[in-house]
Amino acid sequence: MKILITGGAGYIGSHTLIELYNSGYNFIVYDNLLNSSKEAIKRVEKIINKDIIFIEGDIRDTLKLKELFSKYSIDSVIHFAGLKSVAESVSNPLEYYDNNILGTLNLLKVMKEFNCKKIVFSSSATVYGDPATTPILENFPVGGTTNPYGTSKYMIERILEDLYISDNSFKIAILRYFNPVGAHESGALGEDPNGIPNNLMPFIAQTAVGKREYLSVFGSDYDTHDGTGVRDYIHVVDLAYGHVKAIDYLNNSNKIKPLIVNLGTGIGYSVLDVLKAFEKASGKRIPYKIVDRRVGDIAKCYADTSYAKEVLGWKAKKTLAQMCEDSWKWQSNNPDGYGI
Ligand code: NAD
Ligand code: UDP
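Residues numbered from 1 in each chain as written. Chains lettered and ligands numbered in written order. Predicted model: local features only at pLDDT ≥ 70, side-chain atom pairs only at ≥ 80, totals over all residues. Heavy atoms only, no water.

Caption draft 1: Focus on unusual backbone geometry. Here the bond from T134 into P135 is cis, since omega is -5°, no more than 30 degrees from zero. Phi is positive for L33, which is not a glycine, with a value near 60°. Among the structural elements, L33 can be located in the loop between β2 (27–31) and α2 (38–48). Even without being glycine, N49 reaches a positive phi, approximately 60°. Residue placement: N49 occurs in the loop between α2 and β3 (53–56). (Helix = DSSP H or I, 4+ residues; strand = E, 2+ residues; numbered from the N terminus.)

Next comes the structure, spelled out in structure tokens:
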């Protein structure tokens, strides 16, 4: 039996392949390489010393998905595939809804047809919108999203919940990631954003390596310990292991309601905290300028992680220093990412 990993060539997917392999799971990867490179798969193969079954394809391609399910015996899916840029989703909402929503609907229909009823879905803390308080618990209100990307995650959560209501033999885990950062400790695998990074950690890493002149700090007048935005940064390898625990959970439970769980560290760090930690890890000075707030940003977002511990037996272990060290190792070894 195999796990189908959609979007498995991407940043979080590629790290998850290693953790799944280390835990004895078999998988195949399906990715259209829209935001990733085959080189990531090659590097994973080198790390685990094993060939990976990789199929290039789109989750909206029904025929190709059906071929895949006919050829391999797939009993579960980890569904990473999707578009993830907040800014792009605002300027191109139709493309985002098409890829994320239609893609997921298509995947779910094919899964149902082939009686494959276990799915782990990549959701996001963005579904909480601007929370009234922090830390954020799973039962906080959701849906107050401020951009099509976030709305697509919220809609998919609702679709999965409705699917379960219609057929309670589906086993569903919805993982709400906080801010994934860092890279594999080998320095061979990491985040390779297209163009100018939108996210903080890759922008800092590219500034440290000399590709960007300075970091623009978006606002210093938030109600936080130093005025800059606070987030829950989680090492991508910890996050990847969370998927192994989610698959274990689905495999070991009988009929269960959709599991909804936060994956974060529970610690909030500010932009300047991250900047200082990165300077320490890299030994580089990182120039920065305080600029206006970024539209749509919130002051504070960090998880209550007690449910993940209780239900999955999972807790993030890696520190901010390790996140920065591994990010730096990846960035300095691969200043142009996978180079493609
Ligand atoms: P990523 O872009 O690196 O990986 C997504 C992968 O999906 C890419 O390899 C891309 O080529 C592939 N893909 C996109 N559309 C596809 C399609 N229609 N068919 C097949 N493959 C397709 O992103 P990531 O950071 O690894 O994120 C993985 C998932 O986690 C995404 O669903 C994302 O929305 C979600 N998520 C990410 C973050 C984050 O900050 N990185 C936070 C919360 C949630
Ligand atoms: N941020 C920043 N400069 C940047 C990118 C991000 O100051 O170039 C800040 C942003 O305002 C937020 C934090 O860093 O407070 C994390 O931003 P990111 O885009 O990585 O994650 P998200 O806002 O989606 O949680």
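Back to the text.
Caption draft 2: Examining the pairing of strand β4 (residues 74–79) more closely. By the criterion of burial, β4 is predominantly enclosed, with five of the six residues buried. Where β4 lies against strand β5 (residues 118–124), three bridges are found, and the strand directions are parallel. Residue pairing in the sheet places I78 in a bridge with V120 of β5. (Buried < 20%, exposed > 50% of the residue type's maximum accessible area, 1.4 Å probe, protein only. Pairing = 2+ DSSP bridges.)

Caption draft 3: Quick peek at the sheet that holds β5. Here we have seven strands laid out as an open sheet, ordered β3-β2-β1-β4-β5-β6-β11, and parallel in their pairing. For this open sheet the edge positions go to β3 and β11 (259–263), each flanked by a neighbour on one side alone. The average angle at which neighbouring strand axes cross in this sheet is 20°, direction not considered. One ladder, built from seven bridges, connects β5 with strand β6 (residues 171–177); its direction is parallel. The residue of β6 that forms the bridge with I119 is I172. Its contacts with the sheet place helix α8 (residues 236–251) against β1 (2–6), β4, β5, β6 and β11, and it is angled at close to 160° to β6. (Axes fitted to C-alpha atoms, helices over the stretch in contact; angles between N-to-C directions. Contact = heavy atoms within 4.5 Å.)

Caption draft 4: Here's a closer look at the pattern of salt bridges. Going through the model one piece at a time under the given rule, you end up with 13 salt bridges. Notably, a salt bridge pairs D167 with K117, separated by 2.7 Å at the nearest N-O pair. With D167 in the loop between α6 (148–166) and β6 and K117 in the loop between α5 (93–113) and β5, this residue pair connects regions lying 50 residues apart in the sequence. The exposure class assigned to D167 is buried, which follows from its relative accessible area of 13%. The salt bridge partner of R176 is E157, with a shortest N-O separation of 2.7 Å. Placement of R176 in strand β6 and of E157 in helix α6 is noted, with a sequence separation of 19 residues between them. Pair check on accessibility: R176 and E157 agree, each one buried. Here the residues in one salt-bridge network are D58, R60, E95 and D98, joined through shared partners. (Salt bridge = Lys/Arg side-chain N within 4 Å of Asp/Glu carboxyl O.)

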